[in-house]
Amino acid sequence: MIKAVLQLIIFATVFLAVTAYQELGMLADDGKAPAPYFSLPLLEQPTQRVSIKSLQGQQSVVYFFAPWCSICRYSMPNLNKLHEQGKVNAVAIALDFENTDAVYAFVDDLALSMPVLLGTSHTGSDYKIKAYPTYYVLSDDLKVVERSVGYSSELGIRARL
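Structure report, in brief. Quick caveat, the model's predicted, so the values are computed rather than measured. (Residues numbered from 1 in each chain as written. Predicted model: local features only at pLDDT ≥ 70, side-chain atom pairs only at ≥ 80, totals over all residues. Heavy atoms only, no water.)

**What to know about the nonpolar core**
Short version of the rule: Only buried Ala, Val, Leu, Ile, Met, Phe, Trp, Tyr and Cys residues count toward a nonpolar core, and they belong to the same one when joined by side-chain atoms within 4.5 Å. Here the term buried applies to any residue with accessible area under 20% of the maximum for its type, exposed to any over 50%, and partly exposed to those in between, with areas from a 1.4 Å probe on protein chains only. Only DSSP runs of H or I covering at least 4 residues are called helices, and only runs of E covering at least 2 are called strands; the numbering of each starts at the N terminus.
With 25 residues, the main nonpolar core has Phe65, Met76, Leu79, Val103 and Phe106 as its most contacted residues. Only β3 (60–65), α2 (70–84), β4 (89–94), α3 (100–110), β5 (116–118) and β6 (134–138) provide two or more residues apiece to this core. Core analysis: the next-biggest nonpolar cluster, separate from the first, contains 22 residues, Phe38, Leu40, Val50 and Phe64 among them.

**Notes on the environment of Arg73**
Threshold: Contact criterion: two residues are considered in contact whenever any of their non-hydrogen atoms come within 4.5 Å of each other.
Locating Arg73 in the fold gives a position in helix α2. In this structure the C-alpha to C-alpha distance between Arg73 and Val145, which are 72 residues apart in sequence, comes to 25 Å. In contact with Arg73, other than residues within four places in its own chain, are Pro67, Phe106, Asp109 and Leu110.

**Considering the side chain of Thr123**
Mapping Thr123 onto the fold places it in helix α4 (residues 121–126). When neighbours within four sequence positions are excluded, Thr123 is seen to be in contact with Leu40, Phe64, Ile93 and Leu95.

**Digging into the pairing of β3**
To keep it simple, the criterion reads: Two strands form a pair only when DSSP identifies at least two bridges running between them. Handedness is read with the strands pointing away from the viewer; a crossover is right-handed when the path from the first strand over the helix to the second is clockwise.
Burial analysis of β3 places six of its six residues in the buried class, which makes it a mostly covered element. The two faces of β3 match: Ser60, Val62 and Phe64 on one face and Val61, Tyr63 and Phe65 on the other face are all buried. Where β3 meets β4, six bridges bridge the pair, whose relative direction is parallel. By the bridge assignment, Phe64 is partnered in β4 with Ile93. Crossover β3 to β4 through α2 is right-handed. Where β3 and β6 come together, five bridges link them in antiparallel fashion. Looking across to β6, one finds that Ser60 is bridged to Leu138.

**Remarks on unusual backbone geometry**
The step from Tyr132 to Pro133 runs through a cis peptide bond, and the omega angle for that step is -15°. Tracing the backbone through its elements, the reader meets Pro133 in the loop between α4 and β6. Its identity is not glycine, yet Asp96 carries a phi of approximately 55°, on the positive side. Looking at the secondary structure, you find Asp96 in the loop between β4 and α3. Judged by its relative accessible area of 47%, Asp96 falls in the partly exposed class.

Now the structure itself:
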């Protein structure tokens, strides 16, 4: 019994240390600083741009992904499901892609319904994206209140809202 408890404590400590390391250098999530501005083309209609201002007035998740990212492939459907159910306002921003066809293929394969924007290296730099997936939860006044890197379940996303 003691051995099992000790193993659980070690696992929890390692998990928390890895999570803390992954979040080093990300935007602060203290709810004080505004999220960086963006105005990006919509994947489905590249002539239409979506800015961060469209998220104002409701808590939102801004999810950064790359079409080659296998963890994104498993994580995004969880966020998309919550978005479809109306439980979260979400926007996905594609980064690190060779061409829009790769992003289209990824989005179509997962049958995503949330808006997908085409980000730039400048967007990734502004949001301090170093790994995929990365997401930020923004308050209704566009301040970063939560952040995460890596896989997130529906429960994990809900817990951050």
